[in-house]
Amino acid sequence: MRLKFKLTLGVVAISIFIMLCTILVVYLVLDKQNRENVNTDLAKSLNIVRDDLVKRQEKIVADSLQMIKVNKVAESVKFLSEYGDMGIATLASSYVGIASALRQNLVTGGLWQSAVYGVDGQLQTYVRRSGEQRVSTGYIHFDKKNGRTVYQSEAGDDDALDDVDWISSSDLSLADIDESLNRTPSETAASAMVEMGDRLYLMSIAPVMGSAYDPEADAMKAVLVGTVVSYQNLGADFVEGLATLTGTQLNLYRADGSLSAGTLPDYAQLQAGAVDKENASSELISKRPSYNAVDLEQGGYLQAMLTLNAGDRPAGWLTALAPASEARANTRQMIGLLGVVFLICLVIVLPVAYLFGGTFARAATTVVTRLKDIAEGEGDLTMRIELNNRDEMG
């Protein structure tokens, strides 16, 4: 009976080996597919964020151009540039008119800061969100008698700027505001990501186009008279809102890789892996995400990342993250199901192998017994061995 058990065990061992090899191959294939599925979901989330940023960019520029047109900002900016050396009593209404238009656009457009620069690139008027329903406002006036004077105030969103108290001084209270346009004035609208302090902002630039007489053509022509520069804060509200919409963890990082805002605060320093941080383009946001895995104290994550550009260099990165355990859980579920199927098959194979092993062992034992009798001189050479097998043993 030893042969019967050996044959049965041999069949079972081979079956188990084949099953284990199959499980290993299926595990590797499923793990790769599940990771790719998670990365695909992360890429879809980033596409939603990218579309949102592009729409924000277009809206800020469109709102600025509409504000310039409706409030006749070009005429006021041109007037201040041409007659700026007149007394403040004459020009104050023009400054306040521009400031009122800027503030209205800031409040309705959800902006953080907006400023008007003259054709010479010098700051004329600015508004900045200073608190809940509070806005800081200011303008800079130059005249021959008093030189440079800064007029500043802080008022509520709905307060009339004609009625607020304007405080005059020689310096701006906002030390981080640019008093001169840090780029060549252009007639073309543009957008970029910029880093200010510990935050990232979406910056838009809208040209202020006025009119001037062209003696050669003996007609009026459009000319650039100023520039409106606006900033929208990409802070916690922006990230958390889109994280809820996409159902993923979203983090926003500055150019040095430090966290600016995000729903995964423990991931404070960007782990870019093999991603080339210098790979920037003229696009506001890169079109194709980069993928890599990151290890955090609370576990591993799969990461998809978009580059936010400031001209020809990265201004920051936007990442979407999902726990690596999600991919592994799907793989384990499929492997568990496959294991159950294999166990059922093994339960079926075991009695079948035992049955066929017994049949083969009986035939082999009969032949061996007769041959042993003959070898020992006790066998009947005329006796036939009765075997009904229709194979090599029959």
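Let us look at the structure shown here. (Residues numbered from 1 in each chain as written. Predicted model: local features only at pLDDT ≥ 70, side-chain atom pairs only at ≥ 80, totals over all residues. Heavy atoms only, no water.)

## Some points on helix α4 (residues 236-246)
Item 1. Among all positions of α4, only Phe238, Val239, Leu242, Ala243 and Thr246 are buried. All buried residues of α4 fall inside an arc of 125 degrees around its axis, so they share one side. Those residues of α4 that are exposed and angled more than 90 degrees off the buried face are Asp237, Thr244 and Leu245. (Buried < 20%, exposed > 50% of the residue type's maximum accessible area, 1.4 Å probe, protein only. Helix = DSSP H or I, 4+ residues; strand = E, 2+ residues; numbered from the N terminus. Arc of directions from axis to C-beta.)

## What to know about the pairing of strand β8 (residues 219-233)
Item 1. By the bridge criterion, 6 bridges tie strand β1 (residues 113-118) to β8 in an arrangement that is antiparallel. Bridge assignment links alanine 115 to a residue of β8, and that residue is valine 229.
Item 2. As judged from the 14 bridges shared by strand β7 (residues 199-214) and β8, these two strands associate in the antiparallel manner. Looking across to β8, one finds that serine 211 is bridged to alanine 222.
Item 3. Here β7 hands over to β8 after 4 residues, with aspartate 218 in that stretch at a positive phi of 50 degrees. (Pairing = 2+ DSSP bridges.)

## Quick word on unusual backbone geometry
Item 1. The residue lysine 72 is not glycine, and still its phi comes out positive at about 50 degrees.
Item 2. Given the relative accessible area of 54%, lysine 72 is considered exposed.
Item 3. Of note in the backbone geometry, glutamine 133 takes a positive phi value of approximately 60 degrees without being a glycine.
Item 4. The residue glutamine 133 is located in the loop between β2 (123-131) and β3 (134-143) in this model.
Item 5. Judged by its relative accessible area of 54%, glutamine 133 falls in the exposed class.

## Things to note about the packing of aromatic side chains
Both the distance between ring centres and the angle between the ring planes are used here to describe each pair of aromatic rings.
Item 1. Overall, the coordinates contain 8 aromatic pairs when judged by the stated rule.
Item 2. On the numbers, 4.5 Å between centres and 10 degrees between planes, the contact of tyrosine 95 with tyrosine 139 is stacked. Residue tyrosine 95 is located in helix α3 (residues 88-109), and its partner tyrosine 139 is located in strand β3; the two are separated by 44 residues in the primary sequence.
Item 3. Ring centres of tryptophan 112 and tyrosine 231 lie 6.3 Å apart, and the angle between their planes is 85 degrees; this geometry places the pair in the edge-to-face category. Remark: tyrosine 231 occurs in strand β8 and tryptophan 112 occurs in the loop between α3 and β1; sequence separation between them is 119 residues.
Item 4. A relative accessible area of 15% means that tryptophan 112 is categorised as buried.
Item 5. According to the relative accessible area criterion, tyrosine 231 is buried, its value standing at 7%.
Item 6. In textbook terms, an aromatic cluster arises when at least three aromatic residues are bridged by ring pairs, as seen for Tyr95, Tyr139, Tyr151 and Trp166. (Phe/Tyr/Trp six-rings, centres within 6.5 Å; stacked < 30°, edge-to-face > 60°.)

Keep in mind these values describe shape, not function.
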